Amino acid sequence: MIVDLTENVRIQIARRNELERIRDNQQIIADTAQALSSVRDALVPYITSLNLVRSCLTEEQIEEGVKKIETINTRLKRSHEKFAAQERPVRELNSLKGLVEELQDFLKQAWASYAYTKTQLQFELFNLVGQLPEVAEHMATIAPIKRNLETAPNKLPRTASDLEKFESELEALQDSLGNIEGLNSEITQFLYKVQNKTATVADLTDDVLPWCRENSEREAAFLITLGRSR
Amino acid sequence: MDEIAFTRFICWDKQPLSKVINTEALSIDKDLFLATHSPFDVISYVKSPRQIKDTSEKKLLEELLQRGHNNEHTFVVMQGIPGTGKSHLIRWLKEQYVVENREGGGNDVVLLVERANSSLRQTLTQIISSGLFDAARFANQVAKLESATQQLSDESLSDTILNNLQVATREVDAPAPRRIQGKVEKFLLDFFVRQELKNEGAAIERLRLFLSGREASTGLGEKEFPRFEEKDFEFNIELLRQIRDEGGHRDAKALAETLHHKSDKRQELADYLNQLVPFAIERTTALSANDLKQLFFDLRRELKNQGRNLVLFIEDISVFTGLDAGLVDVLVTQHTGESGKEYCRLTSVVGVTDAYFKGSFPDNIKQRVTHHLTLNFDGQGEQSQLLTDPKAVTDMSARYLNALRLTKYELQEWVRIGAKPEELPNACLSCQHRIACHAAFGASPLAESDNEKLQIGLYPFNERALWTLFEGLDTSKVSKTPRSLLGSILEYILQSHGPRIGEGLFPPPIRELANDVRPPTLLKDSQRRLITDQSNSSTEADRIESLAVYWGDRTVDHVSRNGQTEVGGLTETAFLAFDLPFITGDTSAIETIGNLPLTGESKLGTSRPSLVTPPVRPELSSKQQKQQALESQTDPIILDIQEWRSKSELKNYRQLAQWLADFVKEYIDWEAHGVSLTLVDDRVRQRRFVIEGQSGRASGDYLVFMRTDDLAFVLQALVTLNKRAHEVAEDELGGHLITLSNWMGENEAIIVEYVRRPQEDLAPSRPLLDLLVETNLLIACLGEDLTASGKTTRDLYFRIMTRQEKQKSWSALNNREPYPRSGEWRDLMRGIQKYAVKDPQNSGKNCREELFILANCRQGTSRQIQFIDAASVLDIIARFKKSDWEIKNLLPNQIAKNASEPWVVSINTYNKLQRQFEAAIKAEQERVSEINSGLDLYLDGHTSKEVFTAIEELLESFRENAISVTTSQFSVDGTLTYGKLKNRLEDLNVVQGNRITEDLALALSGAGELLQESLNYIEYFERFVRMVKQKEENLNSRIGSLEGEHIGGNKYQETLTMFETLEQFLESVVIDAEELVT
């Protein structure tokens, strides 16, 4: 009785030990899966954005982005190998989050640069012609577009529609400002001076004056004041 | 001079005894009353308005008359226990007051209120019929009294009383105890309670009797009172059950329960109801205390108008219970002052019992009593002042004896001519036997005079007999009062035994003479034998003894005085008067006393001169004086023996049986009878010697000694020899020794046979030593003192004769843990332990000790165990072995616990062994088998080494795998090894293999340690298995839990896939980007 009993118990001890070992691995898997998911969830949206805005970036920017992605992938593979070797890769995976953030910052910055460049010219034109009666009468349409575009550099497109929306609004603003009749470079120069309050009668050239008198409303839009010219 | 012999003479038959000796003073005829009246010379004044030195009745009478003459108010309270003569004295005062008042020309109105059947009705009737209340003038008052008496004759009086008590609970402002409050009204309405209280002797019946009286009886007894007592509410269980179960009101039930077993609560209820009794009586009689008071005030007003005064003699004021407050008001109200001037003077003498005076007489009234007297001796209860010496007793007795000897005509004539005491007729004067009679029995004078004509003979008593009887009254039954002298002595003896004088059968034996008297005994106990020897029959001897102890000086000493012979102080005439032979008496101290005067001091303890004629003993020699002094200090044990001889209980039986046992033990040559002194010690002792008629209950086994004269003489002899052997004379000593020797000659064989027997009614079937040896062998077996290797006779002898100190303690054996033996073995040990071995719970003898004592050959008087009769013991052991330990059933199953102790311990133990030893051996054999199987179970075909190795390895595995094993669960016992276990297993098989009873018994006896150790292994294995199974269970549980956790095992693959997907995705991005750049 006793001999058999001790034998049985010893078998049970061995079985218990095996199961406990397995149970410990399960924890590593769960932790790894969780860390990996976290990395993936942070990375994938930016990779998508990168693909979207890739045409908006410079070559240097694209190379820089690829380089960062490669670094991330290299580290990911290392974790993968560790995991496959039943080691705990959680720490490595957590450290990947820093690289992902770097990629995010890089992409945001590249996009902001692009979007700013695209919108800035239009905003300056808008500032010149905004007071003109023919522009002012369309202000209700233009103002919301302008506001959206002002925030666009801070919004890295996540989807194709985000990017399309940006492009269409930019195009709409260009269209609104570009339809003003007779607006050439001399007139544009004059408008700058008016805006800076440096315009003089001398600037009322033959091209400028008729453009100003082209209709009575535009004529009334300019105010003549006395002052020293520079 | 005597022509007719003075023998069997009866002279007290001239008047009916019951008429003359009537203890109710107020019921006796006037002539008899006056003829038998004994003057009260000692009346104690507790309170009086002035110092009264003369304490006689005459002085009291003078005091009453003088105060009347001085027109002083007088209220005399005469206190005394029942029977002290209050009524007698009050009646005498009344009779004398009437005479003196008349002769002095007074016109006082005198009213005597008798106790009158102890009822209020009779009392009121007396008042109505006294003639004091003029029918015309007192019409209303008398009508009220008459109405009251009619109320009291109502048949439903008991219920009326109860109803009125119930009304009183509401009407009377009496404080009720908390537990009673509110419940008593319903309690008194309860059917069963009412029935109980109306039973004969119960409170309501007593009240009814008191109010209405009882036909042809004396009404309430002297010790019965018309009031509630605690015992009235001592209800029995059956009554309580009825009250509880048969629809009674809850208050009644609750109160009845409260009263059960609580005497203090019952007393509270009685006290409370007693406060209501006056109200109930007033309401029942429709007569109030105030009515009674007004009645007497009206009378006093009327008498005042007539110029007369009132004198009231009330025998017992308690007859006015309920109305007494009114009467007392009348008695204390004086005729002087503004408030009392309309009343006549009142002189009253009122009898009260001690109890009434203490409990019912208001303190403020006590202050207004003018004279408080008591007739109790020394002012205390229990004894009358009247009868404190022999003279007073004989004086009173003589007057009654004289009245019995006179005709009614003679007495009436004496009363007619003035009833002067000195002229009272003396019946003895005309008696032909007067001289002889008075000489033999004595006489008492009618007055303080030596006049021969006034001497009244005391026959058939004498002064000593009367005093002895009176002094011997049993005060637990009666008080020493005139009433008990008359009733318990004179009347009882003359009524019960008087006629036997004529038949020559007087006096009867000592105990039969008077019921209420503690019988006296002879001063010299040995003289009873002498009386027997000198009498013709035991009946005659009894009568002579009775004569000697009552009439004589409690001896039968033979004395010659002035040529006349006396025996026990009595002359031949006294013997012959009762038709008894004049025996020679005890001549051992014959002395001839010369011409000494016949007068002198009485022997009866009084310094007053005695007029009893029997001569007083002359001066004795110093030796006789010493003996007399010794004898006078009567030995209570001798008295006890003498009373026992007369069919009384023997109270000093313990001491006497002890002396008897001591005597028997020393007297008989026990060795000659072949009786062990051990048995003698046990059998011959006080508690085994029972004397027939002893007061203590006999129990157990004993020898009864019958009540015979011979035994009485033996006991008396033993008392004398044990208490004063050095003081008795040689001849008396010799007499005692002869008495003892003769008795022993008749009883020795019986005593020896008794000692031999286990108990009185049981003949022994085997010698005690046989039993003890066999019993001790079996005891030694059970006690593990035997072994399989020590089986020779000699071995066994040494085993059983080992000192107890060296033998194993049964308590230790029975308290071993784990206990190795079978239940039967232990039960048998426990069953016989009390008698088998020395036991802390049993201080008595035991078989081991008894064997030593019995086998011991005593050396002289020493009881030390020094020399054992080994040969006899060895023989018995050899026989027992030869029978292969056959325990024969030869003895009775039962033996009295108090039978002979050696026999008790032996037989009880032997019988138990005989019944149970074989079964115990069988059970023990099975026990060995059971233990063997138990070990096999754990070994399970493996060797002990394999098992121990498995245990070690598993424990090591536990340690390696962090499985903790606490010491409480299991710890390795280094003393248990596989090697020892192997040996134990072999030993167990050897024990199991025995087939011969002796071998088996010896093997089993010695197997205690083997079994104990085997059990230790079993217990060790049990603990191990229990622990391992616990661990196994824990492991199973853990494994199940872990296996459950692995149900979600795909997670690993999913993660791998996730890695791969993400890597591929990134790679594709890189490729696309590179392509774009290029």
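Cut-offs and rules
Residues numbered from 1 in each chain as written. Chains lettered and ligands numbered in written order. Predicted model: local features only at pLDDT ≥ 70, side-chain atom pairs only at ≥ 80, totals over all residues. Heavy atoms only, no water. Helix = DSSP H or I, 4+ residues; strand = E, 2+ residues; numbered from the N terminus. Buried < 20%, exposed > 50% of the residue type's maximum accessible area, 1.4 Å probe, protein only. Contact = heavy atoms within 4.5 Å. Areas by Shrake-Rupley, 256 points an atom, 1.4 Å probe, with all protein chains shown as cover. Salt bridge = Lys/Arg side-chain N within 4 Å of Asp/Glu carboxyl O. Phe/Tyr/Trp six-rings, centres within 6.5 Å; stacked < 30°, edge-to-face > 60°. Pairing = 2+ DSSP bridges. Buried area = accessible area lost by both parts, 1.4 Å probe. Core = buried A, V, L, I, M, F, W, Y, C linked by side-chain atoms within 4.5 Å. Expected span 1.5 Å × (residues − 1). Axes fitted to C-alpha atoms, helices over the stretch in contact; angles between N-to-C directions. Parallel < 35°, antiparallel > 145°, perpendicular 65-115°, else oblique. Nonpolar A, V, L, I, M, F, W, Y, C, P; charged D, E, K, R; others polar. Patch = residues over 30% accessible without salt bridge, like charges linked within 9 Å, V, L, I, M, F, W, Y side chains within 5 Å. Lys, Arg positive; Asp, Glu negative; His and termini not counted. Charge placed at Lys NZ, Arg CZ, Asp CG, Glu CD. pLDDT = per-residue confidence, 0-100. Left-handed = near helix turned anticlockwise from the far one by under 90°.

Counting secondary structure elements, chain A contains nine helices and zero strands. What you see in chain A, going N to C, is helices and strands ordered as α-α-α-α-α-α-α-α-α. In chain A, which comprises 230 residues, the proportion classed as buried is 39%. Counted over contacts in chain A with a minimum sequence separation of 6, partners at least 24 positions apart contribute 73%.

In terms of regular secondary structure, chain B is built from 45 helices and 14 strands. Intrachain contacts of chain B at a sequence separation of at least 6 include 74% that bridge at least 24 residues. Entry remark: accessible area of chain B is about 48400 Å², with carbon and sulfur atoms responsible for 47%.

What follows concerns the pattern of salt bridges. All names here are of chain B. By the definition in use, this model includes 52 salt bridges over all chains. Note that Glu229 is salt-bridged to Lys231, the shortest N-O span being 3.2 Å. With a closest N to O distance of 2.6 Å, Asp999 and Lys791 form a salt bridge. Residue Asp999 is located in helix 43 (residues 997-1005), and its partner Lys791 is located in the loop between helix 34 (768-782) and helix 35 (793-800); the two are separated by 208 residues in the primary sequence.

All right, on to the packing of aromatic side chains then. Residue and element names in this part refer to chain B. All told, the structure shown has 41 aromatic pairs over all chains when counted by the stated rule. Plain terms: the ring middles of Tyr459 and Phe578 are 6.2 Å apart, the flat faces sit at 20 degrees to each other, and that makes the pair stacked. Placement of Tyr459 in the loop between strand 8 (455-457) and helix 22 (463-471) and of Phe578 in the loop between helix 26 (572-577) and strand 12 (586-593) is noted, with a sequence separation of 119 residues between them. Phe578 sits in the buried class, given a relative accessible area of 0%. Ring plane angle 65 degrees and centroid distance 4.9 Å describe the contact between Phe689 and Phe705, whose orientation is recorded as edge-to-face. Placement of Phe689 in strand 13 (residues 689-691) and of Phe705 in strand 14 (residues 703-705) is noted, with a sequence separation of 16 residues between them. Judged by relative accessible area, Phe705 falls into the buried class, the value being 5%.

Here we take up the pairing of strand 9 (residues 557-561) of chain B. Along any regular strand the residues' side chains alternate between the sheet's two faces. All names here are of chain B. Along strand 9, five of the five residues are buried, which leaves the element largely enclosed by surrounding structure. Residues Asp557, Val559 and Arg561 point to one face of strand 9 and His558 and Ser560 to the other, with burial holding for every one of them. For strand 9 and strand 10 (residues 564-567), the ladder comprises four bridges, and the chain directions are antiparallel. When the bridges of strand 10 are listed, His558 appears paired with Val567. Turn length for the strand 9-strand 10 hairpin, with the two strands adjacent in sequence and antiparallel, is two residues, and the turn residue Asn562 shows positive phi of about 50 degrees.

Another point: the interface of chain A and chain B. Interfaces are often sized by the amount of accessible area the parts lose when they come together. In this assembly, 47 residues from chain A lie in contact with 50 residues from chain B. Counting each side, the surface lost to burial between chain A and chain B is near 4700 Å², with a carbon and sulfur contribution of 73%. There are four salt bridges connecting chain A and chain B. Residue Arg10 of chain A is joined to Glu953 of chain B by a salt bridge in which the shortest nitrogen-to-oxygen separation is 3.2 Å.

All names here are of chain B. Of all hydrophobic cores here, the largest spans 125 residues; its most connected members are Val664, Trp670, Trp743, Ile751, Trp885, Phe917 and Phe1021. Those residues in contact with Trp670 that lie beyond four places of it in its chain are Val664, Lys665, Val675, Leu677, Val680, Val684, Ile751, Val752 and Val755. Of all hydrophobic cores here, the second largest spans 94 residues; its members include Trp12, Phe441, Ile510 and Val517.

With that settled, the discussion passes to helix 34 of chain B. Residues and elements named next belong to chain B. Between its terminal C-alpha atoms helix 34 stretches 21 Å, which fits the 21 Å expected from 15 residues at 1.5 Å a residue. Most of helix 34 sits inside the fold, with 15 of its 15 residues counted as buried. Immediately beyond the C-terminal end of helix 34, within one or two residues, lies Glu784, with a positive phi of roughly 65 degrees.

A few words now on the sheet that holds strand 4 (residues 310-314) of chain B. Residues and elements named next belong to chain B. Taken in spatial order, the six strands of this open sheet run 1-6-2-5-4-3, and their pairing is mixed. With one partner strand each, in any of the chains shown, strand 1 (44-47) and strand 3 (109-113) form the two edges of the open sheet. In this sheet, neighbouring strand axes are inclined to one another by 20 degrees on average, regardless of whether the strands run parallel or antiparallel. Bridge analysis of strand 1 against strand 6 (residues 371-374) gives three bridges, and the strand direction is antiparallel. Its bridge partner lying in strand 6, Tyr45 is registered against Leu373. Lying on the sheet, helix 3 (residues 57-69) is in contact with strand 1, strand 2 (74-79), strand 4, strand 5 (346-352) and strand 6; it crosses strand 2 at an angle near 160 degrees. The strands that helix 15 (residues 324-332) touches are strand 2, strand 4 and strand 5; relative to strand 5, the one it contacts most, it runs at about 135 degrees.

Attention now moves to unusual backbone geometry. Residues and elements named next belong to chain B. Between Tyr459 and the following residue, Pro460, the backbone shows a cis peptide bond with an omega angle of 10 degrees. Within the secondary structure layout, Pro460 lies in the loop between strand 8 and helix 22. A cis amide bond, omega -10 degrees, links Glu817 with the succeeding residue Pro818. Tracing the backbone through its elements, the reader meets Pro818 in the loop between helix 36 (810-814) and helix 37 (823-836).

As a further point, take the packing of helix 9 (residues 191-198) of chain B against helix 11 (residues 237-245) of chain B. Residue and element names in this part refer to chain B. Two elements in contact, helix 9 and helix 11, have axes separated by 9 Å at closest approach and are oriented at 150 degrees. By the angle between their axes, helix 9 is roughly antiparallel relative to helix 11. On helix 11, the residues that touch Phe192, Val193 and Glu196 of helix 9 are Leu239, Gln242 and Ile243. A per-class count over the contact of helix 9 with helix 11 returns four nonpolar, one polar and one charged.

On to a negative patch on the surface, then. A cluster of acidic side chains, namely Glu70 of chain A together with Asp1072, Glu1074 and Glu1075 of chain B, defines a negative patch on the protein surface. The element contributing the most residues to the negative patch is helix 45 (residues 1051-1077) of chain B, with three residues. Examined against the element boundaries, Glu1075 of chain B turns out to sit in helix 45.

The next thing to look at is the pairing of strand 3 of chain B. Residues and elements named next belong to chain B. For strand 3, the buried fraction is high: four of the five residues fall into the buried class. Pairing geometry for strand 3 and strand 4, over five bridges, is parallel. Within the sheet, the bridge partner assigned to Val113 lies in strand 4 and is Ile314.

With that settled, consider the environment of Lys341 of chain B. All names here are of chain B. The topology assignment puts Lys341 in the loop between helix 16 (337-340) and strand 5. Between the alpha carbons of Lys341 and Arg301 there is a distance of 9.1 Å; along the sequence they are 40 residues apart. Here Lys341 is in contact with Lys304, His335 and Thr336, once residues within four sequence places are set aside.

Residues and elements named next belong to chain B. Overall, the prediction assigns chain B a mean pLDDT of 81, with 87% of residues at 70 or greater. Here residues 593-633 scores under 50 on pLDDT; set against residues more than four positions off or in separate chains, the count is 60 contacts. At the level of chain-chain contacts, confidence expressed as ipTM amounts to 0.79, with global pTM at 0.47.

Here we come to the side chain of Arg300 of chain B. Relative to the helices and strands, Arg300 of chain B resides in helix 14 (residues 289-306). An unpaired buried charge is present at Arg300 of chain B: no salt bridge exists, and Glu342 of chain B, the closest side chain of opposite charge, is 9.7 Å distant.

With that settled, the discussion passes to the packing of helix 3 of chain B against helix 4 (residues 86-103) of chain B. Residue and element names in this part refer to chain B. At a minimum axis distance of 10 Å, the contact between helix 3 and helix 4 shows a crossing angle of 50 degrees. By the criterion of interaxial angle, the relationship of helix 3 to helix 4 is oblique. The crossing of helix 3 and helix 4 is right-handed. Contact residues: helix 3 offers Glu57, Lys58, Leu60, Leu61, Leu64 and Leu65, while helix 4 offers Leu89, Trp92, Leu93, Gln96, Tyr97 and Glu100.

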